[in-house]
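The lines below spell out each chain.
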Amino acid sequence: MTTTPDNWYFADGGPDGAPAPVGGPLVIFDLDGVISDATHRQHFLRGARKDWRGFFTSAHLDPPYESGLALTASVSEDHTVAILTARPHYVGAITRSWLAANEVRHDLLIMRPRHGRGSGGPSADYKRHELGRLRAAGYEITVAIDDDERIIEMFRAEGVLAFYTHSGYYER
Ligand SMILES: [Mg+2]
């Protein structure tokens, strides 16, 4: 890979400000329903007209899941922690502020890009594309955790060990 995708946001890389390592073992976490408790904004997606903007722009009000914080903190230090979320680019600032305020351990945040591939369409297609780019950048995906069974199926089809957690946001 010659350039870092512009929808990849590396965290500051630790107390010495060193850049995050590129390549090596990496764990993927979903954000909503795994680390961030989006229960209070599910109502934006009920009814005939889904209010996606209302849903995403109230994400700063989410409490964290203590289990999600503990999971990210438990990842071995030699692993990169990547948060791969289908949140759109326009909530990038509030998402990064939320991660900082809640001290969520992570090295890399990947969000849907503003334009082009992954900017729309099914979340599973977007996440499959980003998985391919992570692998192309030299990352070896150790495990992925998500609360959407369609994403879990995609990861497994791509040969990634994937764990499902039940948020209750999706019909089963
Ligand atoms: Mg989710």
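Structural data are supplied above this passage.
It should be emphasised that the depicted structure is a prediction, and the values quoted were computed from it without experimental measurement. (Residues numbered from 1 in each chain as written. Predicted model: local features only at pLDDT ≥ 70, side-chain atom pairs only at ≥ 80, totals over all residues.)

Participant: What is the right way to look at the overall build of the protein chain in this model?
Facilitator: Of the regular secondary structure elements, the protein chain holds five helices and six strands. For the protein chain, the succession of helices and strands along the chain, N to C, is β-β-α-α-β-α-β-α-β-α-β. In terms of overall dimensions, the protein chain is globule-like: its C-alpha atoms have a radius of gyration of 15 Å, near the 16 Å expected for 172 residues. Over its C-alpha atoms, taken along the principal directions, the protein chain stretches across nearly 45 × 35 × 30 Å. When burial is assessed residue by residue, the protein chain has 30% of its 172 residues classed as buried. Once local pairs closer than 6 in sequence are excluded, the contacts in the protein chain between residues at least 24 apart make up 70%. (Helix = DSSP H or I, 4+ residues; strand = E, 2+ residues; numbered from the N terminus. Rg over C-alpha atoms; globule rule 2.2 N^0.38 Å. Buried ≥ 20, exposed ≤ 12 C-beta atoms within 10 Å, placed from the backbone. Contact = placed C-beta atoms within 7 Å.)

Participant: Explain the sheet that holds strand β2 (residues 24-29) here, please?
Facilitator: Each strand in a sheet pairs with its neighbour through backbone hydrogen bonds, running either in the same direction (parallel) or in the opposite one (antiparallel). Strand order in the open sheet made by the six strands is β1-β4-β3-β2-β5-β6, with mixed pairing throughout. The two strands at the open ends of the sheet, each matched to only one other strand, are β1 (8-10) and β6 (162-164). Each neighbouring strand pair of the sheet contributes to a mean axis angle of 20°, computed without reference to strand direction. Bridge count for strand β3 (residues 80-84) against strand β4 (residues 108-110) is three bridges, and the pairing is parallel. The residue of β4 that forms the bridge with leucine 84 is isoleucine 110. Its contacts with the sheet place helix α4 (residues 123-136) against β2, β3, β4 and β5 (139-146), and it is angled at close to 150° to β5. (Pairing = 2+ DSSP bridges. Axes fitted to C-alpha atoms, helices over the stretch in contact; angles between N-to-C directions.)

Participant: Honestly, the pairing of β3 in this entry has me stumped. Any pointers?
Facilitator: Walk down a regular strand and you will see the side chains alternate between the two sheet faces. Counting buried residues in β3 gives five out of five residues, a clear majority hidden from the surface. Here β3 shows two buried faces, one formed by Thr80, Ala82 and Leu84 and the other by Val81 and Ile83. Relative to β3, β2 runs parallel, the two being bridged by four bridges. Bridge pairing in β3 places valine 27 opposite valine 81. With helix α3 (residues 92-101) bridging β3 and its parallel neighbour β4, the resulting β-α-β unit is right-handed. (Right-handed = clockwise from strand over helix to strand, strands pointing away.)

Participant: Looking at this structure, how should I read helix α5 (residues 149-157)?
Facilitator: Counting along an α-helix, one turn takes 3.6 residues, and residues three or four places apart therefore face a common direction. What α5 keeps buried is the set Ile151, Ile152, Met154 and Phe155. Here the buried residues of α5 occupy an arc of 160° about the axis, which is enough to place them on one side. Contact partners of the buried residues in α5: α4, β5 and β6. At the C-terminal side of α5, glycine 159 shows a positive phi close to 80°. (Arc of directions from axis to C-beta.)

Participant: What is the right way to look at the environment of valine 34 in this model?
Facilitator: On the secondary structure map, valine 34 appears in the loop between β2 and α1 (52-57). Counting along the chain gives 130 residues from valine 34 to tyrosine 164, while the straight-line C-alpha distance between them is 9.4 Å. Those residues in contact with valine 34 that sit more than four places away from it in its chain are Phe29, Tyr65, Gly68, Ile145, Asp146, Asp147 and Thr165.

Participant: How do you make sense of the nonpolar core when you look at a structure like this?
Facilitator: Within soluble globular proteins, side chains that are nonpolar generally end up buried alongside one another. In terms of nonpolar packing, the biggest core is built from 28 residues, with Leu26, Ile28, Phe29, Ala82, Ile83, Ile110 and Ile141 touching the most fellow members. For this core, the elements supplying multiple residues, two or more each, are β2, β3, β4, α4, β5 and α5. Look past the residues within four positions of isoleucine 110 in its chain and what remains in contact with it is Asn7, Trp8, Ala82, Ile83, Leu84 and Glu130. (Core = buried A, V, L, I, M, F, W, Y, C linked by C-beta atoms within 7 Å.)

Participant: It is not clear to me how the environment of tyrosine 169 should be interpreted in this structure. Could you clarify?
Facilitator: Assignment of secondary structure puts tyrosine 169 in the segment after β6. A residue is classified by how many C-beta atoms lie within 10 Å of it, and tyrosine 169, with 14 of them, is partly exposed. Sequence-wise, tyrosine 169 and threonine 39 are 130 residues apart; in three dimensions their C-alpha atoms are separated by 7.4 Å. Tyrosine 169 has contacts with Gly33, Ala38, Gln42 and Asp147, leaving out every residue within four places of it along the chain.

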